[in-house]
Amino acid sequence: MKKRKKNILPGAALAALVAAIIVYCIMLNVEKNALSAYEKGAILVAAKDMPRGLVLTEDNVKGYFEEKEMDKRLIPEAAITETGHLCLQMTAGELDKGTMITRSMFINLEEMHENMKEPVAAGFKADDLYQVVSGTLRSGDHIHIYTVDSDTGDVYLTWENVFVNEVFDSAGVLITAEDATSAAQRVNILMEKENIEQFYSELAKGSLRVVKVIESGGGNNETGL
């Protein structure tokens, strides 16, 4: 019996070793197949928090984004993969650090101009329009402009969803989108050239009022004069 046990033990050990080698080879093959199915792709993510209305240019765009690799199957079709595609774009909303970047997150300023017949920049001061939403306007905002009838006191919506191009403080210094404290005292807006005469005529009469469009999940709201 002892002799039989001695003869069996080497055979069992060899069989166990062979089985272990087979399992190891199978595991390597499974891992290889899994890795071959995992194809990486490059994406852009926000390298820092970005405010709404931030205008991206060749000078600043690289500082706001970084490249990451991830499974191509998880990358949306609308993802932006090169910083060059973001020049002359404006953030449509706030972006948190680490956010995967897609086209819907930006306003294409060149396309905006192309969609207007003859766009021009019209400027006005806070004194011209009473408070101008208490100085809170920023680049990228949209405003509605109303006309007040001096005889009847009736108010009419004259221009809707006018784009705020740039804002400045009382000294004429440009207020950036990151600046949440400075009061906007001078404002540049985009308008059709055909509306400029009426705009400045009503502005001189003091009959214009401005409300700021507040975008939320439930739609657009308005605030302030």
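See the structure above.
These lines cover the structure that appears in this document, whether it is placed above or below. Residue indices begin from 1 for each chain and proceed along its sequence in written order. Since the coordinates come from a predicted model, pLDDT governs what is reported: local features require at least 70, and pairs of side-chain atoms require 80 or more to be given and counted, while whole-chain, interface and lining totals use all residues. Side-chain metrics rest on all non-hydrogen atoms present in the structure, leaving aside hydrogens and water.

Details of the sheet that holds strand β5 (residues 106–108)
Okay, step 1: Taken in spatial order, the 3 strands of this open sheet run β2-β4-β5, and their pairing is antiparallel. For this open sheet the edge positions go to β2 (55–56) and β5, each flanked by a neighbour on one side alone.
Okay, step 2: Bridging between β2 and strand β4 (residues 89–91) involves 2 bridges; their strand directions are antiparallel. Following the sheet pairing, leucine 56 is matched in β4 by glutamine 89. Criterion used throughout: strands pair if DSSP finds at least two bridges between them. Helix and strand assignments come from DSSP, with helices taken as H or I runs of at least 4 residues and strands as E runs of at least 2, each series counted from the N terminus.

Brief notes about the nonpolar core
Okay, step 1: Note on terminology: a nonpolar core comprises buried Ala, Val, Leu, Ile, Met, Phe, Trp, Tyr and Cys residues joined through side-chain atoms within 4.5 Å. For every residue, the accessible area obtained with a 1.4 Å probe (protein chains only) is divided by the maximum for its type, and the residue is called buried under 20%, exposed over 50%, and partly exposed between those limits. Counting residues in each nonpolar core, the largest one holds 22 residues, and the members touching the most others are Ile143, Ile145, Val187, Ile189, Met191 and Phe199.
Okay, step 2: Taken together, the elements giving at least two residues each to this core come down to β6 (119–125), β7 (142–148), β8 (155–168), β9 (186–192), α3 (196–205) and β10 (208–216).
Okay, step 3: When residues in this core are grouped by element, the largest group, 4 residues, is from β8.
Okay, step 4: Note on contacts: a residue pair is in contact if any heavy atoms of the two residues lie within 4.5 Å. If we skip the residues at most four places from it in the chain, methionine 191 touches Met116, Glu118, Pro119, Val120, Ala122, Trp159, Val162, Ile196 and Phe199.
Okay, step 5: Core analysis: the second largest hydrophobic core is formed by 15 residues, Leu44, Val61, Ile101 and Met105 among them.

A short note on the pattern of salt bridges
Okay, step 1: By convention in these notes, a salt bridge is any Lys or Arg side-chain nitrogen within 4 Å of a carboxyl oxygen on Asp or Glu. A full pass over the atoms with the stated rule returns 7 salt bridges.
Okay, step 2: Among the ionic pairs, arginine 73 bridges to aspartate 71, the shortest N-O distance being 2.6 Å.
Okay, step 3: Taking relative accessible area as the criterion, arginine 73 reaches 64% and is therefore assigned exposed.
Okay, step 4: Across the pair glutamate 202 and lysine 205 runs a salt bridge, and its minimum N-O distance is 3.5 Å. With glutamate 202 and lysine 205 both in helix α3 and 3 residues apart, this pair spans about one turn of that helix.
Okay, step 5: Accessibility expressed as a relative area gives 13% for glutamate 202, which makes it buried.
Okay, step 6: Each of Arg52, Asp141 and Lys212 takes part in one network of salt bridges that share partners.

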